[in-house]
Amino acid sequence: MSSPPPSIATENFVITFLPPISFRFHETFLKILTSSSIGRQLHQRILHFGKVISECKSKHSISLEVKNLISAIVFDLLIGWLITFTFLHSNVPLLLFDLSLQQTNNLVNNLQKLIHWLMGVPAGFKLNIPLNSALGHFFLYHIYLWEAYMAVVLPLFTLILKMSVVIGVLGVTFVLCLLSDLIALATVHIYCFYGYATRLYGYQFIALSSLWRLFRGKKWNPLRQRVDSYTYDIHQLFLGTLIFTVLLFLLPTVVIYYVVFTCLRIMVLVIQRILLKIIQAINVNPLYCAFSRILRSSEVAGDVYFSVLSTKGTLTFSMEVTQVSFLSVIKETLPKLHNTEEYLTWKDFMSWILIGKIIYPL
């Protein structure tokens, strides 16, 4: 789904730190920057630095949220430097490069076997032979194109591997973002297959839905956005029946390819979603408040509790500072993330799968 425009505060901060350029160019630059995981993380880091700097300038004391933010950035940098040091003093990058190439080749080979299996009698389903053969050869041809694409972008992968050693200096989140972008780049053929199958299934679903209304004497009214009654003549009914029958018998073949490639696409999206959750957890981890709560610091202290020790003669009280619960401390001081993406609800997710709409990142 398309990303919504950033907030006014975000725009003001980015424009302040960028050269004086037109607002339209700034919007275009921001869309290009946030089109990749590394760009979104860089944008997030700039916003976090801006928040820290602005609070340090405007206030004498720093809030717990900003202290958590600083500790999260320091933790991210330390882990990133540790990974960079490990990569520079070992053969891990070369091993990862060989492993990624091996897994990519295995993925292509397994995908070819899967398509050959679909072109036969998958799970005992008797599919339409001409359409099944046409779809199978169509996807196999795109796999051959993918192999040529991999041969072209192989130097780019080598360059990205060298960058991965350096990008760890910015933090472990950038390494994870680079991994997410590499997964997206290595599975672009799965995304293409999913897009083709989804479009074909979606158009067929729309056509069958319209023809089903024809049999019931109904018609969709685009002006009033509703279904109205309509009288069809014999020629329209005959042609509609013929087209409906053909599409209905071709539907199982299309559905098989659609279900298979949708499952593959969802697997890729789930992996990227897990990486995104890890990145977000590192970006806002409340280390400072967690350690303050463990050490019973006065910064996270709660209410003051008085108890009566003695009422004879002089009234004696005992004062005790109660600690706020750990979850309350985390909830109240957790740094905020500036998300520029919209995510589907489970209801929309299932309905989009049913009607054949392309699912973008979860």
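Numbering of residues begins from 1 in every chain and follows the order in which that chain's sequence is written. Local features are withheld for residues below a pLDDT of 70 in this predicted model, meaning they are given only at 70 or higher, and side-chain atom pairs are given and counted only at 80 or more; totals for whole chains, interfaces and linings count all residues. The basis for every side-chain value is the complete set of non-hydrogen atoms in the structure, without hydrogens or water.

What to know about the UniProt feature "transmembrane region" (unreviewed entry) in the protein
Point 1. The feature "transmembrane region" (unreviewed entry), as annotated in UniProt, sits at residues 69-88, 139-161, 168-194, 200-216 and 237-260 in this numbering.
Point 2. Secondary structure follows DSSP: runs of H or I at least 4 residues long count as helices, runs of E at least 2 residues long count as strands, and numbering of each begins at the N terminus. Overall, residues 168-194 shows 81% helix and 0% strand. The separation of its end C-alpha atoms is 33 Å. UniProt positions are given in the numbering used here, feature names are shortened, and annotations may be inferred rather than shown by experiment.

Observations concerning the packing of aromatic side chains
Point 1. Geometry of aromatic contacts follows a simple scheme: Phe, Tyr and Trp rings, the Trp one being its six-membered ring, pair when their centres are within 6.5 Å, and the pair is stacked under 30 degrees between planes, edge-to-face over 60, tilted otherwise. By the definition in use, this model includes 12 aromatic pairs.
Point 2. Note on Phe138 and Tyr196: the rings are 5.2 Å apart at their centroids and 65 degrees apart in plane angle, and the pair reads as edge-to-face. Taken together, the positions of Phe138 in helix α6 (residues 129-167) and Tyr196 in helix α8 (residues 188-215) put the pair 58 residues apart, joining distant regions of the chain.
Point 3. Think of it in three bands: residues with accessible area under 20% of the maximum for their type are buried, residues over 50% are exposed, and the middle band is partly exposed, with areas taken using a 1.4 Å probe on protein chains only. Residue class for Phe138 comes out partly exposed when judged on its relative accessible area of 34%.
Point 4. Residue Tyr196 is classed as partly exposed on the basis of its relative accessible area of 34%.
Point 5. One aromatic cluster is present, built from ring pairs that chain together Phe138, Phe139, Phe193, Tyr196, Tyr257 and Phe261.

Overview of the pairing of strand β2 (residues 226-229)
Point 1. DSSP bridges decide pairing: two strands pair if at least two such bridges lie between them. In this sheet, β2 lies alongside strand β1 (residues 218-221) in antiparallel orientation, the contact comprising four bridges. Along β2, the bridge assignment pairs Lys218 with Ser229.
Point 2. Once β1 ends, the chain turns through four residues before running back antiparallel as β2, passing Gln225 with a positive phi of about 55 degrees.

Things to note about helix α9 (residues 234-283)
Point 1. Along α9, the largest kink reaches about 40 degrees and is centred on Leu251; proline Pro252 follows within four residues of it.
Point 2. A 3.5 Å cut-off defines polar contacts: any pair of N or O atoms within that distance qualifies, except that in protein one atom must be a possible hydrogen donor and the other a possible acceptor, and neighbouring residues in sequence count only when both atoms are side-chain atoms. For α9, the capping residue at the N-terminal end is Asp233, with a side-chain oxygen 3.3 Å from the backbone nitrogen of His235. One axis is fitted to the seven residues ending at the residue and one to the seven starting there. The bend at that residue is the angle between these axes.

A look at the nonpolar core
Point 1. Within this scheme, the nonpolar core is defined by two criteria: the residues are buried Ala, Val, Leu, Ile, Met, Phe, Trp, Tyr or Cys, and they are joined through side-chain atoms within 4.5 Å. One finds Phe139, Ile143, Phe261 and Ile359 to be the most contacted residues of the largest nonpolar core, which totals 31 residues.
Point 2. Looking at this core element by element, the count peaks at eight residues for α6.
Point 3. Dropping the residues within four chain positions of it, Phe261 is found in contact with Leu111, Ile115, Phe139, Phe193, Tyr194 and Ala197.
Point 4. Grouped together as the second largest cluster of nonpolar side chains are eight residues, Val172, Leu176, Leu275 and Ile282 included. Here, two residues are considered to be in contact whenever any of their heavy atoms come within 4.5 Å of each other.

Details of the environment of Ser180
Point 1. Relative to the helices and strands, Ser180 resides in helix α7 (residues 172-186).
Point 2. Taking the relative accessible area as the measure of exposure, Ser180 reaches 6% and is therefore buried.
Point 3. Each C-alpha atom of the pair Ser180 and Ser37 lies 6.8 Å from the other, and the pair is 143 residues apart in sequence.
Point 4. Other than its neighbours up to four places away in sequence, Ser180 contacts Ser37, Gln272 and Leu275.

Section: a nonpolar patch on the surface
Point 1. Residues Ile62, Ile70, Val74, Leu78, Trp81 and Val169 make up a contiguous nonpolar surface patch of roughly 490 Å² in combined accessible area.
Point 2. Counting through the fold element by element, Trp81 comes out in helix α4 (residues 64-88). Nonpolar side chains (Val, Leu, Ile, Met, Phe, Trp, Tyr) within 5 Å and like charges within 9 Å form the patches, drawn only from residues with over 30% relative accessible area and no salt bridge. Here the accessible surface of atoms and residues is derived via Shrake-Rupley with a 1.4 Å probe, and residues count as covered only by protein chains that are part of the display. Any Lys or Arg side-chain nitrogen found within 4 Å of a carboxyl oxygen on Asp or Glu counts as a salt bridge.

Looking at empty space enclosed by the protein
Point 1. The method works on a 1 Å grid over the protein atoms by themselves. A cavity is a set of points holding a 1.4 Å probe that cannot get out, a pocket is an open set with protein on both sides within 12 Å along at least five of seven lines, and residues with an atom within 4 Å of a point line them. Grid points are joined across faces, edges and corners, and a volume is the space filled by probe spheres set on the points. Applying the stated criterion to the full structure yields one cavity of 30 Å³ or more.
Point 2. Forming the walls of the largest cavity are Arg45, His48, Ala72, Ile73, Asp76, Ile282 and Asn283.
Point 3. Secondary-structure elements contributing two or more residues to the lining of the largest cavity are α3 (37-58), α4 and α9.
Point 4. Each residue gets one of three labels, nonpolar for Ala, Val, Leu, Ile, Met, Phe, Trp, Tyr, Cys and Pro, charged for Asp, Glu, Lys and Arg, and polar for the others, Gly among them. Here the residues of the lining of the largest cavity are counted per class, giving three nonpolar, two polar and two charged.

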